[in-house]
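Structural characterization, general
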Amino acid sequence: MYQKILSGRWIIILATIVFFLFQYHFLLQHPRDSDSGVIKVETPEKPDNSQADSSTCPVCPVIPVTDVSGRKAKILPIFKKKSNPNSLISKLANHGDWKTEWYQKTAKLLFDDEKKGPVHHRKRWEIAYIANAVIELGLCGEGKKGMVWAAGKESLISFFAGMGCSILASDMPPDNEGKDAWADTHQFASSKEDLFVSRFVNRTQFDKLVSYRNLDMNFVPIDLREAFDFMWSTCSVEHVGTIFLGQRFIVDSLSLLKPGGYAIHTTEFTLSSVASTVDSGITVLWRKPDIEYLVKSLKVLGYEVLPVNFNAGTEPFDKKIDLPPYSDDQHIKLQIDRHVTTSFGIIIKKPSSWVEKGPKEYNKCS
């Protein structure tokens, strides 16, 4: 028994050492700016997208592959499991959720045409997943503050403002070299004028509660520390350059949450591999190990992550893989290059008793 305990303690110690070596290596490569305090990150070289056809993806710029003939993509068996119907977990988009009470109730609040019949599009799942989490966790209301990264033309901003929340909407600076790709697909907000949706909130309340700021997701500002009750991003972390930078963004941005606050993010996820992927460029594809590594890192730092489930579902539209040019319906699973992908949502909590941890506290893990 004593040997087992001792062995367990050494595993924790070794894991802690590896974690700090990882952080130290990153800081050597990306020192903090002495004035702003944010981490300096080199912007990856922009890939050549001159041959990309933006019409193949009406939702967002993706990897420039318009012809996937001869590129067979399959879903790995480890993901072919019945989906978990719970909403307050970290999970994959799946057809089964369209049949749940939480999705149907939230979708009717968000989408006018949902009353005519369900539209099976993963982007709708993402928006409903985020909205439902905010509502169920009681994060939005008078006196509450929320923040969205890479706002685009997202309707959730007006939706939450209509519930009484103050919202800071952010999007990339207008001089960012990637701005044009987003503007071409109507997903870049240059000011808060681009964010008003009249069916959710009146103009007076919107102007009072919504503010706008240009922010780069690779540079988390320190002047907003512990300012928000919740934050979210909708399929944005896969567009910051690399998977690693996406992980760094999620960790660093949690400093902007108040103790007890929540972060809700969705990202592009490959169901075809746990090894090979697209890990740099305009769009990256997160893998199961990337999520698992992030979750372990967050827990070491003291954050809580709602239970993670990787079941991709077994319903009809979970088996249907949408091909370019992508459709407006039956678009839960799609093929990008040699990968079947879908959306993954993660919910993270900063504990109410949050105390910032430093090296001394980590050394006490043993």
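Parameters at a glance
Residues numbered from 1 in each chain as written. Predicted model: local features only at pLDDT ≥ 70, side-chain atom pairs only at ≥ 80, totals over all residues. Heavy atoms only, no water. Axes fitted to C-alpha atoms, helices over the stretch in contact; angles between N-to-C directions. Helix = DSSP H or I, 4+ residues; strand = E, 2+ residues; numbered from the N terminus. Parallel < 35°, antiparallel > 145°, perpendicular 65-115°, else oblique. Left-handed = near helix turned anticlockwise from the far one by under 90°. Contact = heavy atoms within 4.5 Å. Core = buried A, V, L, I, M, F, W, Y, C linked by side-chain atoms within 4.5 Å. Buried < 20%, exposed > 50% of the residue type's maximum accessible area, 1.4 Å probe, protein only. Patch = residues over 30% accessible without salt bridge, like charges linked within 9 Å, V, L, I, M, F, W, Y side chains within 5 Å. Areas by Shrake-Rupley, 256 points an atom, 1.4 Å probe, with all protein chains shown as cover. Salt bridge = Lys/Arg side-chain N within 4 Å of Asp/Glu carboxyl O. Phe/Tyr/Trp six-rings, centres within 6.5 Å; stacked < 30°, edge-to-face > 60°. Lys NZ or Arg CZ within 6 Å of the ring centre and 35° of its normal.

So, about the packing of helix H7 (residues 243-253) against helix H8 (residues 288-301). Running from N to C, H7 and H8 cross one another at 30°; their axes reach a closest spacing of 11 Å. Classified by the interaxial angle, the pair formed by H7 and H8 is roughly parallel. H8 is crossed by H7, and the crossing has right-handed handedness. On the side of H7, the interface is formed by Ile243, Gln247, Ile250 and Val251, while H8 contributes Asp290, Tyr293, Leu294, Leu298 and Leu301.

This brings us to the nonpolar core. Counting residues in each nonpolar core, the largest one holds 43 residues, and the members touching the most others are Leu156, Ile157, Phe160, Phe230 and Trp232. Within the residue set of this core, elements represented by two or more residues are helix H2 (101-110), helix H3 (122-136), helix H4 (156-162), strand E3 (166-171), helix H6 (203-209), strand E4 (210-214), strand E5 (228-233) and strand E6 (257-270). By residue number, the principal contributor to this core is H3, which donates 8 residues. Those residues in contact with Trp232, other than ones at most four positions away along the chain, are Ile130, Met147, Val148, Trp149, Glu154, Leu156, Ile157, Phe160, Ile167, Ile264 and His265. Core analysis: the next-biggest nonpolar cluster, separate from the first, contains 42 residues, Met147, Phe228, Leu271 and Phe344 among them.

On to a nonpolar patch on the surface. On the surface, a nonpolar cluster with roughly 230 Å² of combined accessible area is contributed by Leu109, Ile135 and Met163. Of note, Ile135 is situated in helix H3.

Quick look at the environment of Ser327 now. Tracing the backbone through its elements, the reader meets Ser327 in the loop between strand E8 (321-322) and strand E9 (333-336). Considered as a pair, Ser327 and His121 are 206 residues apart in the sequence and their alpha carbons are 8.6 Å apart. The contact partners of Ser327, leaving out residues within four places of it in the chain, are His121 and Asp322.

With that settled, consider the packing of aromatic side chains. Within the structure shown, the criterion is met by 15 aromatic pairs. A centroid spacing of 5.9 Å and a plane angle of 80° characterise the contact between Trp102 and Tyr103, whose relative ring orientation is edge-to-face. Ring centres of Trp125 and Tyr129 lie 4.8 Å apart, and the angle between their planes is 15°; this geometry places the pair in the stacked category. Placement of the pair is Trp125 and Tyr129 together in helix H3, with a separation of 4 residues, close to one helical turn. Tyr129 matches Trp125 in its accessibility class, with the two residues each being buried. Here the aromatic residues Phe159, Phe160, Phe200, Phe230 and Trp232 are joined through ring pairs into a cluster of three or more. Above the ring of Phe111, the side-chain terminus of Arg124 is found at 4.5 Å from the ring centroid.

Moving on to the environment of Lys349. Here Lys349 shows up in strand E10 (residues 339-349). Sequence-wise, Lys349 and Phe230 are 119 residues apart; in three dimensions their C-alpha atoms are separated by 9.1 Å. Sequence-distant contacts of Lys349, defined by excluding residues within four places in its chain, comprise Gly260, Gly261, Tyr262, Tyr303 and Glu304.

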